[in-house]
Amino acid sequence: MEDESSLQGVLDNLDLVLQWFAIRICEGNMQVLVKILDCVGGLADALKARGHSVTDYEAGCLLPCLVEKCGHNIDRIRQSYRELLTKLADVYSPKPLVLSLLQGTSSKTHRTMVVCVEVLEALYASHDSEFHSSKIIKEVASLIQERDVTLKNKALALLSAVYQNCLLYTSD
């Protein structure tokens, strides 16, 4: 966002802009998807630079769509989703973001489940206090019984990091 007045206009109507982004993401046009993901990433950077945080309502306009679609067939697009979901923790409370990602771990698509666990792992590195809930740990632990080896390994890596961090806190 180069112009301050246009950024203010976007902030004033952020819920509508995010709803429009969600609609465009679900259309299936690859060129539009790439541009929208870039635009949402730029918007997240602008919001962070301005110190603006996204409300629950505004996040609810876009976050479910991002979580649902993050298991895209193309690896480059999946990586964009992964980076974008990680960036959202800077402008939105990590706890509801973690809960939304946990919903993504029960998706029918294994790629979506893997991306959600990868984002959870990245969020744990920066917001570990949000993960000390038995519900979160139980949901991630249930992924260990999945047949997909990649998903199993990602879930084990996240649980291992949580466990090691708990050991650090208890040994101090």
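Located above this text is the structure these notes cover.
I will try to describe carefully the structure that is included in this document. Because the structure is predicted, anything quoted here is derived from the model rather than measured.

This part is about the environment of Cys-70. In this structure, Cys-70 sits in the loop between helix H4 (56-69) and helix H5 (75-87). In sequence terms Cys-70 and Thr-112 are 42 residues apart; their C-alpha atoms lie 5.5 Å from each other. Among residues more than four places away in sequence, those in contact with Cys-70 are Arg-78, Tyr-81, Leu-85, Thr-112, Val-115 and Cys-116.

This next bit is on the pattern of salt bridges. Scanning the entire structure with this criterion turns up six salt bridges. Between Asp-90 and Lys-48 there is a salt bridge, with the nearest N and O atoms lying 3.5 Å from each other. Within this pair, whereas Asp-90 is found in the loop between H5 and helix H6 (94-104), its partner Lys-48 is found in helix H3 (residues 30-50), the two being separated by 42 residues in sequence. Taking relative accessible area as the criterion, Asp-90 reaches 43% and is therefore assigned partly exposed. With a relative accessible area of 48%, Lys-48 lands in the partly exposed category. Between Glu-118 and Lys-154 there is a salt bridge, with its nearest N and O atoms 3.6 Å apart. With Glu-118 in helix H7 (residues 110-126) and Lys-154 in helix H9 (residues 149-171), this residue pair connects regions lying 36 residues apart in the sequence.

This brings us to the packing of H6 against helix H8 (residues 134-142). Two elements in contact, H6 and H8, have axes whose closest approach is 11 Å; the angle formed by their N-to-C orientations is 25°. When the axis of H6 is compared with that of H8, the two are roughly parallel. The hand of the H6/H8 crossing is left-handed. Here H6 contributes Val-98, Leu-99 and Leu-102 to the contact with H8, which in turn contributes Lys-135, Ile-136, Glu-139 and Val-140.

Moving on: the packing of H5 against H7. In the contact formed by H5 and H7, the axes pass within 9 Å of each other and the chain directions differ by 35°. The hand of the H5/H7 crossing is right-handed. Across the interface between the two elements, Arg-78, Arg-82, Leu-85 and Thr-86 of H5 pack against Arg-111, Val-115, Glu-118, Val-119, Ala-122 and Leu-123 of H7. A per-class count over the contact of H5 with H7 returns five nonpolar, one polar and four charged.

Inspection of the entire model under this criterion finds zero disulfides. Cys-39 takes part in no disulfide bond, and the closest cysteine sulfur, belonging to Cys-65, lies 14 Å away. We note that Cys-65 lacks a disulfide partner, and the nearest cysteine sulfur, in Cys-26, lies 3.3 Å from it.

One finds Ile-25, Leu-66, Leu-85 and Leu-101 to be the most contacted residues of the largest nonpolar core, which totals 54 residues. Counting residues per element, this core draws most heavily on H7, at nine residues. Ignoring anything within four residues of it in the chain, the contact list for Ile-25 reads Leu-33, Ile-36, Leu-37, Leu-62, Cys-65, Leu-66, Lys-69 and Tyr-81.

On to the packing of aromatic side chains, then. For the structure shown, the criterion picks out one aromatic pair. Between Trp-20 and Phe-21, the ring centres sit 5.8 Å apart and the planes meet at 55°, which makes this aromatic pair tilted. Judged by its relative accessible area of 44%, Trp-20 falls in the partly exposed class. Take Phe-21: its relative accessible area is 4%, and that puts it in the buried class.

What counts and what doesn't
- Residues numbered from 1 in each chain as written.
- Predicted model: local features only at pLDDT ≥ 70, side-chain atom pairs only at ≥ 80, totals over all residues.
- Heavy atoms only, no water.
- Helix = DSSP H or I, 4+ residues; strand = E, 2+ residues; numbered from the N terminus.
- Contact = heavy atoms within 4.5 Å.
- Salt bridge = Lys/Arg side-chain N within 4 Å of Asp/Glu carboxyl O.
- Buried < 20%, exposed > 50% of the residue type's maximum accessible area, 1.4 Å probe, protein only.
- Axes fitted to C-alpha atoms, helices over the stretch in contact; angles between N-to-C directions.
- Parallel < 35°, antiparallel > 145°, perpendicular 65-115°, else oblique.
- Left-handed = near helix turned anticlockwise from the far one by under 90°.
- Nonpolar A, V, L, I, M, F, W, Y, C, P; charged D, E, K, R; others polar.
- Disulfide = S-S within 2.5 Å.
- Core = buried A, V, L, I, M, F, W, Y, C linked by side-chain atoms within 4.5 Å.
- Phe/Tyr/Trp six-rings, centres within 6.5 Å; stacked < 30°, edge-to-face > 60°.

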